Amino acid sequence: MPSFAGRDIISCKDLSREDILYIMEKARFMEDLVRRNGYVEMLKGKILATLFFEPSTRTRLSFETAMHRLGGSVIGFSSVEGTSVMKGESFEDTIRTVDQYADVIVVRHPKPGSARVAAEVAEAPVINAGDGLNEHPTQALLDIYTILKEKGRVDGLTIGLVGDLKHARTMHSLAYALANFKVTLYLVSPRQLRMPDEILDYLDSRGVKYIEVDRIEDVISEIDVMYVVRVQKERFKSIEEYERVKRSYVIEPEILRKAKSDMIILHPLPRTTELPVEIDKTPHAKYFDQVRNGVYVRMAILALVLGRI
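Residues numbered from 1 in each chain as written. Predicted model: local features only at pLDDT ≥ 70, side-chain atom pairs only at ≥ 80, totals over all residues. Heavy atoms only, no water.

Quick look at the pairing of strand 2 (residues 73–77)
Bridging between strand 1 (residues 47–52) and strand 2 involves five bridges; their strand directions are parallel. The residue bridging Ile47 from the neighbouring strand is Ser73, located in strand 2. In this fold, the crossover linking strand 1 to strand 2 by way of helix 2 (residues 58–69) has right-handed handedness. (Pairing = 2+ DSSP bridges. Helix = DSSP H or I, 4+ residues; strand = E, 2+ residues; numbered from the N terminus. Right-handed = clockwise from strand over helix to strand, strands pointing away.)

This is how it looks when you write it as structure tokens:
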């Protein structure tokens, strides 16, 4: 049985298959608790700090919802305006300060590696809510939880990762997490937005079968799970470069005619043009279920790192 008390959640590379399945088990337990009671006092008296140096809707609100449903309290900020960062305070000093107030810290920051820096200077457990282009591990965990709920398994599935694989930290964490399972991955992207070499090297080292392809139409009939991400405008160095590729991969309804009847579509949200609202009405659409599942998974993670389950 894995021990999570006091543990930082920084990278999916730090999580074993046993770790992931244990979190999934506890997420199911949390979902049952919420459905029965809506609220428990498992973390009464505990304080979560949410430090978001980048914008967020789902991640920040789901962590805060998770903490409230567990009976805990929340402090933090959703932008650096109004904080001492605007006066020149260092990231490390901000973390050291908040560490004096909180029992667990969730941090999102535009700089890759920032979450690990936070973990090095804080005594409280640190959870990475996204560090630049690097990773977003709790998103990958809620993705796997959704796959397990919808498909009943992860092993043996064929999963298509579609869109901006270069910049999407959600894709990076999911690829690392899926390396713990027996899956086949189709990596579907424009040539200039392909998965970074270091992640492909990691998949190779773990013996994961993957195929890089240009067109989703060529492989959609084989896919059990399609995971789509937007082309991330904020990660491009120039607007011209973004404009050239922004509509590269749009999942139009006619594309789904070749899909398996039980294929599911996931998306970390927010979406732009890549996933038209018409798709929402199809039985394939499971991305708003992901949003709900994120609360259960983050409840489990908070209770685990605080040693309450």
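Examining helix 2
Residues spaced three or four apart along an α-helix face the same direction, because each turn holds 3.6 residues. For helix 2, spanning 12 residues, the distance from its first C-alpha to its last is 16 Å, which sits close to the expected 16 Å at 1.5 Å a residue. Thr59, Arg60, Ser62, Phe63, Glu64, Ala66 and Met67 are the residues of helix 2 that are buried. In this structure, the buried side of helix 2 is in contact with strand 1, strand 2, strand 3 (104–109), strand 4 (126–131), helix 5 (137–151) and helix 9 (287–305). Looking one or two residues beyond helix 2, the residue adopting positive phi is Gly71, at roughly 85 degrees. (Expected span 1.5 Å × (residues − 1). Buried < 20%, exposed > 50% of the residue type's maximum accessible area, 1.4 Å probe, protein only. Contact = heavy atoms within 4.5 Å.)

A few points about the environment of Lys286
Within the secondary structure, Lys286 sits in the loop between strand 9 (264–266) and helix 9. Leaving out residues up to four positions away in the same chain, Lys286 has contacts with Thr146, Glu150, Ile264, Ile265 and Leu266.

Concerning empty space enclosed by the protein
Remark: the empty space left among the atoms is shown by a probe the size of a water molecule rolled over them. Scanning the model with the defined rule gives two cavities of 30 Å³ or more in all. Looking at the largest cavity, its volume works out to about 80 Å³. In terms of residue count, the dominant contributor to the lining of the largest cavity is helix 9 (four residues). Grouping the constituent residues of the lining of the largest cavity by class yields five nonpolar, five polar and two charged. (1 Å grid on protein atoms, 1.4 Å probe; cavity = no way out; pocket = protein on both sides within 12 Å on 5 of 7 lines; lining within 4 Å. Points joined across faces, edges and corners; volume = space filled by probe spheres on them. Nonpolar A, V, L, I, M, F, W, Y, C, P; charged D, E, K, R; others polar.)

Description of the sheet that holds strand 4
If you trace the four strands from one edge of the open sheet to the other, you get 2-1-3-4, paired in parallel fashion. Bordering the open sheet on either side are strand 2 and strand 4, each of which pairs with just one other strand. When strand polarity is set aside, the average angle formed by the axes of neighbouring strands in this sheet is 15 degrees. Where helix 4 (residues 114–121) meets the sheet, its contacts fall on strand 3 and strand 4, and the angle it forms with strand 4 comes to roughly 160 degrees. (Axes fitted to C-alpha atoms, helices over the stretch in contact; angles between N-to-C directions.)

Some words on helix 9
Given a rise of 1.5 Å per residue, 19 residues ought to cover 27 Å, and the 27 Å separating the end C-alpha atoms of helix 9 matches this to within 8%. Its maximal kink placed at Asn293, helix 9 deviates by approximately 30 degrees. Of all 19 residues in helix 9, 15 are buried, a share of seventy percent or more. Where helix 9 terminates, the next one or two residues include Gly307, which has phi positive at roughly 70 degrees. (Bend = angle between axes of the 7 residues up to and from the residue.)

A short note on the packing of helix 1 (residues 17–37) against helix 9
Relative orientation of the contacting elements helix 1 and helix 9 amounts to 110 degrees, with a least axis distance of 8 Å. As far as their axial angle goes, helix 9 and helix 1 are roughly perpendicular. For helix 1 against helix 9, the interelement crossing comes out right-handed. Between helix 1 and helix 9, the residues in contact are Tyr22, Ile23, Lys26, Ala27, Met30, Glu31, Val34 and Arg35 and Arg292, Tyr296, Val297, Met299, Ala300, Ile301, Ala303 and Leu304, respectively. Residue classes in the contact of helix 1 with helix 9 are distributed as 12 nonpolar, no polar and four charged. (Parallel < 35°, antiparallel > 145°, perpendicular 65-115°, else oblique. Left-handed = near helix turned anticlockwise from the far one by under 90°.)

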